[in-house]
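# Analysis of the macromolecular model
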Amino acid sequence: MLKDITIGQFFPADSVIHRLDPRFKIVMTLLFIIMLFTGQSVVSLVFGIAYTLTAILLSKIKLKMFAKSIKPLMPFLLVTALLNILFVSGGTVYFHWKFLKITSEGINVSVVMIIRIIVLIAGSSLLTYTTSPITLTDAVERLLSPLKKFKFPVHELAMMMSIALRFIPTLIEETDKIISAQKARGAEIDTGSIKDRAKNLVSILVPLFISAFRRADELATAMECRCYCGGEGRTRLRQLKSAPRDYIALAVTIGFFACVIVINIIY
C-alpha cells in the first residue's frame, strides 16, 4: 500500500504540461480546484473530468500513476459514500429499515462526491508530477513576492513547502523499510485485532520519527555548511519566463471555469 503513494514525486518527460511555466500551473491548479467545488450539477462535473483527462493526456504520464495515487484513499471514499447513501434523504426511497434509508438523492450525492474527489486528486497531482521541487519553490516564491513588502518570510515558506514535498517519498520509503525490518523480527503488523494493530504502530512510528528528526538535523547541517542564508542576494540557475503557450493554457482553464459558472446559473 505504501508503494502506491505517489504524492510529491516528479516524473520528468518532454510534454506540453512539463514545459508550462510553474507559476501558471499553480494558478491553473487553484482555478481547477475552485471549479470542481463550485460546480453543483453533473454537467459541470463533466467539464472538470474533460479538463483533467485532457491535461493527463498532454502530460504523457501513464494513467496507472494516477490510479496508484487514488488507490490508498479508496477505503475512505467507500466508507464516506456508504454513509451518504444511508443517511442522506430526499428523492425516491429505494430501501427503508428503521433509521436507515437509501434514496435516489443519497446515491446521487455519493456518486458525485466520489467522482469529484477522484478528479480532484488526479488533477492536482499533475502539479507535482510535472514540476520539479526546485522549480515549484521558485514559482511559489515569485507568486508570493508581493507579501515581502509586509515583512512576510516568503522565501522561507516556499523552502519549507519544497522540503516537505521532497521528503514525502523519502519518508514513505523509510516507513516501508521499518515495517519490513519489524516483520523480520517477528512483529505482527498486519494481523490481530484493531487494538493489537494500533499497539504495533508504536514500533513503526517511534523509529520513523527518530529517522525524520535525524534527516532534518543532517539537512540543516548541510545547509549551514553551504552558507545558506535565506533568499537575500540569492541567484537562480533557471529564470522563470512565460511563453505564449502559458497564456493559452491559462485562457483554456478560465474558459472551462467560465463554462462551469454559466452552467450553475442556468441550472
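Numbers given for residues are sequential positions, taken from 1 along each chain in its written order. Residues qualify for local features only when their pLDDT is at least 70, as the model is predicted, and side-chain atom pairs are given and counted only at 80 or more; totals for whole chains, interfaces and linings, by contrast, use all residues. Just so you know, side-chain values use all the structure's heavy atoms and leave hydrogens and water out.

### Focus: the overall build of the protein
- Helix and strand counts for the protein come out as 11 helices and two strands.
- Helix and strand assignments follow DSSP, with helices taken as H or I runs no shorter than four residues and strands as E runs no shorter than two, numbered in order from the N terminus. Secondary structure elements of the protein, listed N to C terminal, follow the sequence α-α-α-α-α-β-β-α-α-α-α-α-α.
- Each principal axis of the C-alpha distribution contributes one length, and for the protein these read about 70 × 60 × 40 Å.
- Looking at the protein as a whole, 34% of its 267 residues are labelled buried.
- Contact criterion: two residues are considered in contact whenever any of their non-hydrogen atoms come within 4.5 Å of each other. The long-range share in the protein, meaning contacts at least 24 apart out of those at least 6 apart in sequence, stands at 72%.
- Only the protein chains shown count as cover for residues, and the accessible areas themselves come from Shrake-Rupley with a 1.4 Å probe. For the protein, the exposed surface amounts to about 16700 Å²; the carbon and sulfur share of it is 69%.
- Residues scored as positive are Lys and Arg, those scored as negative are Asp and Glu, and His as well as the terminal groups of each chain are ignored. All charge positions are set by atom: Lys at NZ, Arg at CZ, Asp at CG, Glu at CD. Of the side-chain charges in the protein, 31 are positive and 18 negative, and the distance between the mean point of each set is 5 Å. Buried, partly exposed and exposed residues are distinguished by accessible area as a fraction of the type maximum, computed with a 1.4 Å probe on protein chains only: under 20%, between the cut-offs, and over 50%, respectively.

### Considering the nonpolar core
- The biggest cluster of nonpolar side chains holds 15 residues, and the ones touching the most others in it are Leu-20, Met-28, Phe-32, Met-35, Leu-36, Tyr-51 and Leu-250.
- Contributing elements (two or more residues each) for this core: α2 (22–38), α3 (42–59), α6 (104–129) and α11 (244–266).
- Broken down by element, this core gets its largest block of residues, six residues, from α2.
- Beyond its immediate stretch of four places on either side in the chain, Met-35 contacts Gly-48, Tyr-51, Phe-256, Phe-257 and Val-260. By nonpolar core is meant a set of buried Ala, Val, Leu, Ile, Met, Phe, Trp, Tyr and Cys residues that side-chain atoms within 4.5 Å join together.

### A word on the pattern of salt bridges
- Salt bridges, as used here, are contacts in which a Lys or Arg side-chain nitrogen is within 4 Å of a carboxyl oxygen on Asp or Glu. Across all of its chains, the model carries four salt bridges by this definition.
- Among the ionic pairs, Lys-177 bridges to Glu-173, the shortest N-O distance being 3.8 Å. Of this pair, Lys-177 and Glu-173 both sit in helix α8 (residues 154–184), separated by four residues, roughly a single helical turn.
- Across the salt bridge formed by Glu-174 and Arg-215, the nearest N and O atoms sit 3.1 Å from each other. Taken together, the residues span a long stretch of sequence, with Glu-174 in helix α8 and Arg-215 in helix α10 (residues 202–225) at a distance of 41 residues.
- Exposure remark for Glu-174: the relative accessible area of 15% places this residue in the buried category.

### A word on the packing of α8 against α10
- Axes here mean lines fitted to C-alpha atoms, for a helix over just the part in contact, with angles spanning 0 to 180 degrees between N-to-C directions. Between α8 and α10, the shortest axis-to-axis distance is 10 Å and the interhelical angle comes to 140°. Comparing the axis directions of α8 and α10 gives the class oblique. Between α8 and α10 the crossing geometry is right-handed. In contact with Ile-163, Phe-167, Thr-170, Leu-171, Glu-174, Thr-175, Ile-178, Ile-179 and Gln-182 of α8, α10 contributes Ser-203, Ile-204, Pro-207, Leu-208, Ser-211, Ala-212, Arg-215 and Leu-219.
- Classes in brief: Ala, Val, Leu, Ile, Met, Phe, Trp, Tyr, Cys and Pro nonpolar; Asp, Glu, Lys and Arg charged; the others, Gly included, polar. Of the residues contributing to the contact of α8 with α10, the split by class is 10 nonpolar, five polar and two charged. Should an angle fall under 35 degrees it is taken as roughly parallel, and over 145 as roughly antiparallel, whereas 65 to 115 is taken as roughly perpendicular and any remaining angle as oblique. Should the near helix be turned anticlockwise from the far one by less than a right angle, the crossing is left-handed, and should it be turned clockwise, the crossing is right-handed.

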